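Secondary and tertiary structure notes
As a plain string of letters, each chain reads:
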Amino acid sequence: MTLTHEQDGRASDELARSLLEAGALTPAWAETFRAVPRALFLPDLVWSHDMATGRSILVSRADDAEAWERAAYANVPLVTQWDDGRHTGTEPGTVPTSSASMPSVVAAMLRDLDVSEGMRVLEVGTGTGWNAGLLARRLGSSNVVSVEIDAAVAEQARAALKRAGLNPEVVHGDGWEGWPGGAPYDRVIVTAGVRGVPPRWLEQTRPGGIILAPWGTHYSDQDALVRLTVGEDGQASGPFLRMVEFMKLRAQRLDWDQFREHVPAFPGDADVSRTQLTLADMGGRYEPARFVAGLCVPDCAHVVNPTGEGTGKAWFFDLTSRSWAAVEFRSGEPDATVYQSGPRRLWDEVERALTWWAEKGRPGVDRFGLTVSPDGITRAWLDHPADVLTFA
C-alpha cells in the first residue's frame, strides 16, 4: 500500500501540527513543512533509530508500506546509509553515515537560522535533500546551495528534489571548503557534527550573516548547536543553543586506532594517585559535564568502559603526544585510582575543569559560546565573549 497524494498531505499536515504544538516549528515554516513531505526524500529501506537504546530497526517499504509511511512522518531519526555506502543487506551496518534527522530537530534548526525572503543559504551536508527542499520552497531554489561529500547520496538527493518540483544547486564536494561559486551567503547551516569552524565558511558569509552548526570536541561524541554571527572584521561569535546529536563530518571522525601505541603496558610507568570524583561526576551521554570538559581540556579524547553501577574505567588520550591517563572507579569506594603517563597530566586537567564547572554552579551549555577568528582559531567563553575560558 502507498499513500495517495491526499493521504500524504494529511500525514504532512499532522506532522506540521505536532511540531507547531511542541514549539519546534514556527508558523512561518508551517506551510513549507506541509508542502514538502519528508516521505518524498526517503529511500525504500530505512532504519528507525531509537535515541534511548541506540538500536536501529529496519523498515522496508516493499515489505510493510504502512510501517514505512508511519516512520516517514514520525519524529524519529532514520538511518539511510551505513559505512559510507559499503554496507549491503538489511541488518544494520557498523557506522551510520547518512540519515534523515528528526523532524523536530530540522524544524528547530530552521527556526534558529532566522531566514527571510531574498536570503542566500549554503547547506553543508545534503543527506536526503529534505532540508535543502524546505529551504528552496521557502526562499526559492536559486537561493539555496547544498554540498554533499558522497556522490551517491548527492545524486539521490537531486532525484528526490526533482520529484518534489524543486531545484536547488546540489554540489558533490567537501562541505568543509564551503562553495565559493555561490558566495556570499546570508546563512550557512551545517547538518553534520564538526570539530572546528573553517575559515572558508567565514569568508563566504556576509557580515551580519549567521553560521549554524553542531559543534563539539574530540573529548566526546557530543555536539551542541552554535549560532555564530559574522562581523565586519571577519570574526564570528555566538552562543551555544542546546545539545544535539549528529553524525560527524567524515574528515573529522576520531580515529581511535591512533591511540593503540599510547599504552604499551598497563599501568607501565604511570604515576599513581587518587581522586574523590566519581564516575557520575564525569557526566552521562546527554549531560553538559562532558561537553564542558571538552571545552576546557583541548586535544583530549576520552572513553568510559563501564563494568557496573558506578564502576568502570575512564581513559584519556592526548591527540598531540603519547600522554594518557586512566581512572578506575569502584562502587562503594571513597576514592578512585588514577594513572597518568607522559608529559601532560590529562586527568589533572579534567579534574580541574570539572571542579571549576561545579563551583560555577554547573552552568548549562547555553551559557557558553565560541568566537572564531578569520584564520579559524577558536576560543570558548562563558556568558560573554570577553570571558574566555582559561583552560582552552
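Our structure's up above, just so we're on the same page.
What comes next is a walk through the structure. Per chain, the residues get numbers from 1 upward, laid out in the order the sequence is written. Local features are withheld for residues below a pLDDT of 70 in this predicted model, meaning they are given only at 70 or higher, and side-chain atom pairs are given and counted only at 80 or more; totals for whole chains, interfaces and linings count all residues. Derived side-chain values reflect all non-hydrogen atoms in the structure, with water molecules and hydrogen atoms excluded from consideration.

Here we take up the sheet that holds strand S8 (residues 185-190). Strand pairing is assigned whenever DSSP detects at least two bridges linking the two strands. What counts as a helix is a DSSP run of H or I of at least four residues, what counts as a strand is a run of E of at least two, and both are numbered from the N terminus. The nine strands lie next to each other as S7-S6-S5-S8-S9-S10-S11-S17-S18, forming an open sheet whose pairing is mixed. Two strands bound the open sheet, and with one partner strand each, they are strand S7 (169-172) and strand S18 (378-382). Going across the sheet, the axis of each strand differs from the next one's by a mean of 20°, ignoring polarity. Of the pairings in the sheet, the one linking strand S5 (residues 121-124) to S8 comprises four bridges and is parallel in character. Counted as the bridge partner of Leu122 is Val188 from S8. Each of strand S9 (205-215), strand S10 (223-230), strand S11 (236-244), strand S17 (368-372) and S18 touches helix H8 (residues 288-296); the most contacted strand, S11, lies at about 150° to it. The angle between two axes is taken between their N-to-C directions and runs from 0 to 180 degrees, where each axis is a line fitted to C-alpha atoms and a helix contributes only its stretch in contact. By definition, residues are in contact when any of their heavy atoms lie within 4.5 Å.

Trp215, Phe240, Met282, Phe316, Trp347 and Phe368 are the most contacted members of the largest nonpolar core, which has 56 residues in total. Apart from residues lying up to four places away in sequence, Trp347 is in contact with Thr275, Leu277, Met282, Phe316, Ala325, Val327, Phe329, Val338 and Gln340. Core analysis: the next-biggest nonpolar cluster, separate from the first, contains 46 residues, Ala11, Ala30, Leu134 and Ile189 among them. Definition used in this section: a nonpolar core is a set of buried Ala, Val, Leu, Ile, Met, Phe, Trp, Tyr and Cys residues joined via side-chain atoms within 4.5 Å. Accessible area is worked out with a 1.4 Å probe on protein chains only. A residue is then buried under 20% of its type maximum, exposed over 50%, and partly exposed in between.

Now for helix H4 (residues 103-113). For H4, the tally of buried residues reaches nine of 11 residues, placing the bulk of the element in the interior. Following H4 by one or two positions, Asp114 adopts a phi angle in the positive range, close to 55°.

Turning our eyes to something else, we now look at the pattern of salt bridges. What makes a salt bridge here is a side-chain nitrogen of Lys or Arg within 4 Å of a carboxyl oxygen of Asp or Glu, nothing more. The full count for this structure, using the stated rule, is 28 salt bridges. Measuring nitrogen to oxygen at the nearest pair gives 2.7 Å for the salt bridge that ties Arg253 to Asp84. Here Arg253, found in the loop between S11 and strand S12 (271-275), pairs with Asp84, found in the loop between strand S3 (78-82) and strand S4 (96-100); they are 169 residues apart in sequence, far enough to count as distant. Residue class for Arg253 comes out partly exposed when judged on its relative accessible area of 33%. Look at Asp84 and you get partly exposed, because its relative accessible area is 24%. Between Asp112 and Arg111 there is a salt bridge whose closest N-O contact spans 3.2 Å. Asp112 gets classed as buried once you look at its relative accessible area, which sits at 12%. For Arg111, a relative accessible area of 30% puts it in the partly exposed group. One salt-bridge network, held together by shared partners, links Asp84, Arg86, Asp150, Arg250 and Arg253.

Below, the discussion takes up empty space enclosed by the protein. A water-sized probe rolled over the atoms picks out the places where empty space is left. Buriedness of a pocket was judged along seven lines, with at least five required to meet protein on both sides within 12 Å; pockets are open sets of points on a 1 Å grid over the protein atoms alone, cavities are sets where a 1.4 Å probe fits but cannot get out, and lining residues have an atom within 4 Å of a point. Grid points are joined across faces, edges and corners, and a volume is the space filled by probe spheres set on the points. Evaluation of the coordinates by the stated rule reveals one cavity of 30 Å³ or more. In this model, the largest cavity occupies a volume close to 70 Å³. Taken together, Asp221, Gln222, Asp223, Met243, Val244, Glu245, Arg285 and Tyr286 make up the full set of residues lining the largest cavity. Polar here means any residue outside two lists: the nonpolar Ala, Val, Leu, Ile, Met, Phe, Trp, Tyr, Cys and Pro, and the charged Asp, Glu, Lys and Arg; Gly therefore counts as polar. For the lining of the largest cavity, the per-class residue count stands at three nonpolar, one polar and four charged.

A separate point is the packing of aromatic side chains. Geometry of aromatic contacts follows a simple scheme: Phe, Tyr and Trp rings, the Trp one being its six-membered ring, pair when their centres are within 6.5 Å, and the pair is stacked under 30 degrees between planes, edge-to-face over 60, tilted otherwise. In this structure the tally under the stated criterion is 17 aromatic pairs. With 5.2 Å between their ring centres and 85° between their planes, Phe240 and Phe291 make a pair best called edge-to-face. Pair noted here: Phe240 is in strand S11 and Phe291 is in helix H8, with a separation of 51 residues, a long-range link. Both residues of the pair, Phe240 and Phe291, belong to the buried class. Look at Trp315 and Phe317: their rings are 6.0 Å apart centre to centre, the planes differ by 0°, and that puts the pair in the stacked class. A network of ring pairs unites the aromatic residues Trp256, Phe259, Phe266, Trp315, Phe317, Trp324 and Tyr339 as a single cluster. Sitting over a ring, as applied to charges here, requires NZ of Lys or CZ of Arg to be within 6 Å of the ring centre and within 35 degrees of the ring normal. Geometry around Trp68 places Arg61 over its ring, the cationic atom sitting 4.1 Å from the centre. In this structure, Arg138 packs its charged tip against the face of Trp29, placed 4.7 Å from the ring centre.

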